[in-house]
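Summary of structural features
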Amino acid sequence: MTAEERRNLHAFRDYVIKTLDPAYILSYMAPWFKDDEVQYIQAEKNNKGTMEAASLFLKCLLELQEEGWFRGFLDALGHAGYSGLYEAIESWNFQKMESLEEYRLLLKRLQPEFKTTVNPNDILPKISECLISQECEEIIQICSNKGLMAGAEKMVECLLRSDKENWPKTLKLALETEESKFSQLWIVDKDVELKVLEDEEIETSEVQIFYKEEPECQNLSQDPCPPSVASTCTPLKPRNYQLELALPAKEGKNTIICAPTGCGKTFVALLICEHHLKKFPQGQKGKIVFFAIQIPVYEQQNSVFSKYFERLGYKVAGISGATSENISVEQIVENNDIIVLTPQILVNCLRNGTIPSLSVFTLMIFDECHNTSKHHPYNMIMFNYLDQKLGGSSDPLPQVVGLTASVGIGDAKNTMEAMEYICKLCASLDTSVIATVKDNLEELEEIVYKPQKFFRKVESRTTDRFKCIISQLMRETESLAKNIFDELGTITLENVSQIQNRNFGTQKYEQWIVSVQKACMVFQLPNKDEESRICKALFLYTSHLRKYNDALIINEHARMKDALDYLKDFFTDVRAAGFDEIEQHLTYRFEEKLQELESISMDLSNENPKLKDLSFILQEEYHLNPESRTILFVKTRALVDALKKWIEENSELSFLKPGILTGRGKTNHNTGMTLPAQKCALDAFRTDGDKKILIATSVADEGIDIAQCNLVILYEYVGNVIRMIQTRGRGRARGSKCFLLTSNADVIKKEKLNIYKEKIMNDSILSLQMWNEAVFKEKVLQIQIQEKNIRDSQEKVELVPDKENKKLLCRKCKAFACYTADIRVVEECHYTVVGDAFTKCFVSKLHPKPKSFGHFEKRAKIFCARRNCGHDWGIHVKYKTFEIPVIKIESFVVEDIATGAQKLYAKWKDFPFEKIPFGSPEIPE
């Protein structure tokens, strides 16, 4: 046997374990198995069951070193009657056996009915060819000794293990011949649709949302036709369900279009826009704005709209945060018929008056409109719209259309609460129509494919020496932090006493670290030097605890090696920075354990069992379909990097050549992907056949068109019902599958809850669609009036700018930085400090990525000048003819000079001090 054959048998072991009863072939394996092994396997079957015995048998089989055992195993399968398993292993093609899985699941669900309605003695002669001869004998014996129901149970057990491709149809014929009532339930003439959700290790769930692979004529993220013939390209033909979705909006009604991911909502939007632009009489023109939240989605939709409408003679332009710095938004809006925007651009323009009113537009389309809530830019735009509507303005308002795969239900627990939630979304978007596919549902179902959904509970490590060592280092670090407060006697810091109540390696522990850091940043003592020492020490201890916590999360879901590399990189950075006494001690303690950690991480017995399951799924799916395209969703960027390294370094998976896709935002310890890097990753996944898998965070679960994807894996990844529908919708090709892999039963419960919430959402939409439209409009209006009253009352109690002078202190070491009286506002949103005194408080280093934006030329980064601090305070820029620092409020603590009280602010807009524009004449610059 070759090493590859051994690996293959190991990779496909699940099929063997689910099919084989080793008791039937042990006698044929006598030349290779010792007597005590045979007895052990038989005892395992008697005590624990057939699958456990098959697992033990396979383990013993794979440990054999004698020549000829593999051939002997195949021969044993043939002699015993396992012809299907024999054929699958000989060719390493388990597709026929995989096709039986849906029938096994159906038979499991129907087992109670089977054993009460089927007489096994009547149908056994007709299905015996599908069973092992010994199984037939056992069924007859059980019927005789224990009765027909027990015999029927045994028959189901044997059929569930059958490897014969034709057993479902053979059973159907047998049932029909005997005129069994059960034949009405046993459907094999067409694909089985499972309608029940049960608590099994692997199961398929019913979800009444559909996904498909876009036919070439509607794959709007690709070129609809070659550029050379763009002007003569035949217009795309809409389907009936797309016309149904577009109809209310084409009639001029404000509409939310709720339809499955992949059904062509973008094309529906194109139909609405085209109709809207053509309806205006001569001398009048429409103007459309299309909003996309995510930059990759913005790029995609901008391209789609440009290609579609330029052939019709309309002008299309796009503006995002990345492109808005050097262009006039006002001119772009003025000179184009359709403008594709990221929404914050319009929020800024409405705020600064560049665009005076939404009345310049005749139609606004909100992609992923379920985000219209709280302080999201969509809601900021609609606040402006509703203020105009409810304020009695005579200026015309644009029509509003929202697109989404799921309106969501928030925290609703029943249909009534869900209807209220959806009504609030409609009020936020001023819509009174929710368009879904109803009249043409059959057409939708014919061309849109459901991905099979599987829940797979996987095991964590039973022992974890790596976690023990890191946890001990964390306990020591916590102890050092607590010792500081023991020195203070009665003075305590909120939250520190609760350290021992937190579990290491969890998001909850991360949240505790953040709360402690916030508390210690505003902690005060009469002795300011002592206060600075304590705050700096706590900052260092909690920062190290965060890194250890991150490493434990990586260790839990990826390799120990990746978690250790993450820590080694961190301590390398620590050495390269200030490296004060505390950091030296913490680094020394880590390095004391480093050799042991290295040894543990290289020990193959410590391999993460979760990765074994993930590897099995990937190998299995790519063996069945080598052209598979996969998106692997994970929770954090650190996990994206770790799993990419694991795949690249795994000889059985490296052929997948993984790409990654993460968000652009920056967290405390990770920098996101740049826009060009995101575009490059998406383009490579779409066009490069060698790039077979994309590892992504949530940035890919909304709106990005990746139509080729046929396998979605959610790796310890679950969110709300909207995210569930959106993410599952990424698997849009025919025969697509979606796996949820988790070691946490609560994650599976949450996903099942999401499925339940999805049903509530669909029921609520149907109920609202039955309302009289005038009643719906009145309901929406009342909600709008209530919400506006709340907004207005909140605006009235907003704090008046505080004119009292305050101090800004370094958030890390509490060193004095400047007074608020010396802060100036540059172009409404940037903050600088005037006067020579501040220049002595910071040091600067050349910026690693210097660039220009607007009137600013970014040149350097600035840091706290106190020895061994070096906290990041902001940047140094050239602004017009001035060389000025630009500071960020999240780097400082604000101290009231009179009372000594200290506060933290995350954003400048939340800090109510008197904001003086840069260059004011009363104070010379």
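On a predicted model such as this, the values are computed, not experimentally measured, just so you know.

We now examine the overall build of the protein chain. From N to C terminus, the protein chain includes 31 helices and 25 strands. Across the 925 residues of the protein chain, 53% fall into the buried class. Residue pairs at least 24 apart in sequence account for 72% of intrachain contacts in the protein chain once pairs closer than 6 positions are excluded. Here the protein chain displays about 42700 Å² of accessible surface, and carbon together with sulfur accounts for 50% of that area.

On to the pattern of salt bridges, then. Overall, the coordinates contain 49 salt bridges when judged by the stated rule. With a closest N to O distance of 3.0 Å, Lys96 and Glu87 form a salt bridge. Classification of Lys96 by relative accessible area gives partly exposed; the value is 42%. For Glu87, a relative accessible area of 41% puts it in the partly exposed group. One salt bridge connects Arg559 with Glu649, and the closest N-O pair in it is separated by 3.0 Å. One end of the pair, Arg559, is in the loop between helix 23 (528–557) and helix 24 (560–576); the other, Glu649, is in helix 27 (residues 637–649), with 90 residues separating them in the sequence. Each of Asp21, Lys45, Glu135, Glu138, Lys154, Glu157 and Arg161 takes part in one network of salt bridges that share partners.

Across the protein chain, the average pLDDT comes to 82, with 85% of residues at or above 70. Of the regions scoring below 50 in pLDDT, residues 720–727 engages in 38 contacts with residues more than four places distant in sequence or in other chains.

Ranked by internal contacts, the top residues of the largest apolar core, which has 74 residues, are Ile470, Phe590, Leu614, Leu618, Leu632, Leu643 and Ile713. When residues are assigned to domains, this core turns out to be shared by domain 4 (452–458 + 607–767) and domain 5 (465–602), each giving three or more. When residues no more than four places from it in sequence are discounted, the contact partners of Leu632 are Leu614, Leu643, Ile693, Leu694, Ile695, Ala696, Ile713 and Tyr715. Grouped together as the second largest cluster of nonpolar side chains are 47 residues, Phe291, Cys349, Met364 and Ala427 included.

On to the sheet that holds strand 23 (residues 892–896), then. By way of backbone hydrogen bonds, the strands of a sheet pair with one another, either parallel or antiparallel. Here four strands make up an open sheet; going across it, the order is 15-14-23-24 and the pairing antiparallel. Pairing within the sheet leaves two strands with one partner each, and these edge strands are strand 15 (816–819) and strand 24 (902–903). Here strand 23 runs beside strand 24; their pairing, made up of two bridges, is antiparallel. Each residue of the ladder has a partner; that of Glu895, found in strand 24, is Gln902.

The terminal C-alpha atoms of helix 10 (residues 133–146) lie 20 Å apart, and with 14 residues this matches the ideal 20 Å at 1.5 Å per residue to within 8%. Residues Glu135, Cys136, Ile139 and Cys143 constitute the buried set of helix 10. With its buried residues spanning 105 degrees around the axis, helix 10 presents them on a single face. Exposed side of helix 10, more than 90 degrees from the buried face: Glu137, Gln141, Ser144 and Asn145 are the residues found there. Looking at the buried side of helix 10, the elements it contacts are helix 9 (120–127) and helix 11 (148–161). Two residues or fewer after helix 10 comes Gly147, characterised by a positive phi angle close to 110 degrees.

We now examine the side chain of Asp562. Note that Asp562 resides in helix 24. For Asp562, a relative accessible area of 5% puts it in the buried group. Residues within four places of Asp562 in sequence aside, it is in contact with Ile554, Ala642, Lys645 and Trp646.

Spatial ordering of the open sheet is given by 8-13-12-9-11-10, a layout of six strands whose pairing is parallel. Unpaired on one side and paired on the other, strand 8 (452–457) and strand 10 (659–661) mark the two borders of the sheet. Strand-to-strand, the axes of this sheet are offset by a mean angle of 20 degrees, without reference to chain direction. Contacting strand 8, strand 9 (630–633), strand 11 (693–696), strand 12 (711–715) and strand 13 (737–742), helix 26 (residues 609–624) runs over the sheet at an angle of about 180 degrees to strand 12. Where helix 27 meets the sheet, its contacts fall on strand 9, strand 10, strand 11 and strand 12, and the angle it forms with strand 11 comes to roughly 155 degrees.

Residue placement: Gly402 occurs in strand 6 (residues 399–404). As a C-alpha pair, Gly402 and Asp367 span 35 residues in sequence and 6.1 Å in three-dimensional space. With residues up to four places along the chain from it excluded, the contact list for Gly402 reads Thr255, Ile256, Ile257, Phe366 and Cys369.

Glancing now at the packing of aromatic side chains. Under the counting rule described, the total for this entry stands at 38 aromatic pairs. Here the aromatic rings of Phe70 and Trp92 are separated by 6.1 Å at their centres, their planes lie at 15 degrees, and the arrangement is stacked. Taken together, the positions of Phe70 in helix 5 (residues 69–80) and Trp92 in the loop between helix 6 (83–91) and helix 7 (95–99) put the pair 22 residues apart, joining distant regions of the chain. Taking relative accessible area as the criterion, Phe70 reaches 9% and is therefore assigned buried. Here Trp92 falls in the buried class, since its relative accessible area comes to 12%. When the ring of Phe571 is compared with that of Phe590, the centres are 4.3 Å apart and the planes differ by 10 degrees; the resulting orientation is stacked. Taken together, the residues span a long stretch of sequence, with Phe571 in helix 24 and Phe590 in helix 25 (residues 581–602) at a distance of 19 residues. The exposure class of Phe571 is buried, given its relative accessible area of 4%. Against the face of Phe280 rests Lys279, its NZ or CZ located 5.8 Å from the ring centre. One residue, Arg311, lies across the ring of Tyr308, its end atom 4.5 Å from the ring centre.

Before going further, it helps to spend a moment on helix 12 (residues 167–177). Inspection of helix 12 places Trp167, Pro168, Thr170, Leu171, Lys172, Ala174 and Leu175 among the buried residues, and these make up the whole buried set. Among the residues trailing helix 12, Glu179 stands out with phi positive, at a value near 55 degrees.

Here the focus is unusual backbone geometry. Not every positive phi belongs to a glycine, and Lys374 is a case in point at roughly 50 degrees. As for its position among the elements, Lys374 is in the loop between strand 5 (363–367) and helix 18 (377–390). Overall, the relative accessible area of 71% leaves Lys374 in the exposed class. Of note, the phi angle at Lys880 is positive, near 55 degrees, even though the residue is not glycine.

Turning to the side chain of Ser891, a few remarks are in order. Structurally, Ser891 can be placed in the loop between strand 22 (882–887) and strand 23. Here Asp872 takes part through its backbone oxygen, which lies 2.7 Å from a polar atom of the side chain of Ser891. For Ser891, the contacting residues outside a window of four places in its chain are Leu809, Cys810, Arg811, His871, Asp872 and Trp873.

To continue, consider the environment of Ser406. Among the secondary structure elements, Ser406 is positioned in the loop between strand 6 and helix 19 (415–428). Along the backbone, Ser406 and His370 are 36 residues apart, and their C-alpha atoms lie at a distance of 7.1 Å. A polar contact is formed between the side chain of Ser406 and the backbone nitrogen of Gly408, at a distance of 3.3 Å.

Right, let's get into the pairing of strand 11. Because side chains alternate across strand 11, one face comprises the buried residues Ile693 and Ile695, and the other comprises Leu694 and Ala696, equally buried. As paired elements, strand 9 and strand 11 share four bridges and run parallel to each other. Of the residues in strand 11, the one forming a bridge with Phe633 is Ala696. Pairing between strand 10 and strand 11: three bridges, direction parallel. In the strand pairing of strand 11, Gly659 is matched with Leu694.

This part takes up the pairing of strand 16 (residues 823–826). Neither face of strand 16 is left uncovered, since the one carrying Ile823 and Val825 and the one carrying Arg824 and Val826 both have all their residues buried. Counting the residues that bridge the hairpin from strand 16 to strand 17 (residues 830–833) gives three residues, and of these Glu827 lies at a positive phi of roughly 50 degrees. Across two bridges, the pairing between strand 16 and strand 25 (residues 916–917) is parallel. Bridge pairing in strand 25 places Val825 opposite Pro917.

What counts and what doesn't
Per chain, residue numbering runs from 1 following the sequence as it is written. At least 70 in pLDDT is required for a residue's local features to be given in this predicted model, at least 80 for side-chain atom pairs to be given and counted, and no such filter applies to totals for whole chains, interfaces and linings, which use all residues. The side-chain numbers reported here are obtained from all heavy atoms of the structure, hydrogens and water having been left aside. Starting at the N terminus, helices and strands are each numbered in turn, a helix being any DSSP run of H or I of at least four residues and a strand any DSSP run of E of at least two. Think of it in three bands: with a 1.4 Å probe and only protein chains considered, a residue is buried below 20% of the maximum accessible area for its type, exposed above 50%, and partly exposed in between. Any two residues having at least one pair of non-hydrogen atoms within 4.5 Å are treated as being in contact. Here, Shrake-Rupley sampling with a 1.4 Å probe gives the accessible areas, and only protein chains in the shown set may cover a residue. Between Lys or Arg on one side and Asp or Glu on the other, a salt bridge is scored when a side-chain nitrogen of the former is within 4 Å of a carboxyl oxygen of the latter. pLDDT expresses, on a scale from 0 to 100, how confident the predictor is about each individual residue. As used in this record, nonpolar core signifies buried Ala, Val, Leu, Ile, Met, Phe, Trp, Tyr and Cys residues forming a set joined through side-chain atoms within 4.5 Å. All domain edges in this entry derive from an automatic or database-based domain assignment. Strand pairing requires that DSSP identify at least two bridges connecting the strands. Multiplying one less than the number of residues by 1.5 Å gives the expected span of a helix. Each direction from the helix axis to a C-beta atom contributes to the arc, which is the arc of those directions. Axis definition: a line fitted to C-alpha atoms, over the contacting stretch in the case of helices. Angles run 0 to 180 degrees between N-to-C directions. Working definition: rings of Phe, Tyr and Trp (its six-membered ring) pair if their centres are within 6.5 Å, and the pair is stacked with planes under 30 degrees apart, edge-to-face with planes over 60 apart, and tilted otherwise. Whether a charge sits over a ring depends on NZ of Lys or CZ of Arg being within 6 Å of the ring centre and within 35 degrees of the ring normal. We define a polar contact as two N or O atoms separated by no more than 3.5 Å, with the added condition that, inside protein, one atom must be a possible hydrogen donor and the other a possible acceptor, whereas residues neighbouring each other in sequence contribute only through side-chain atom pairs.

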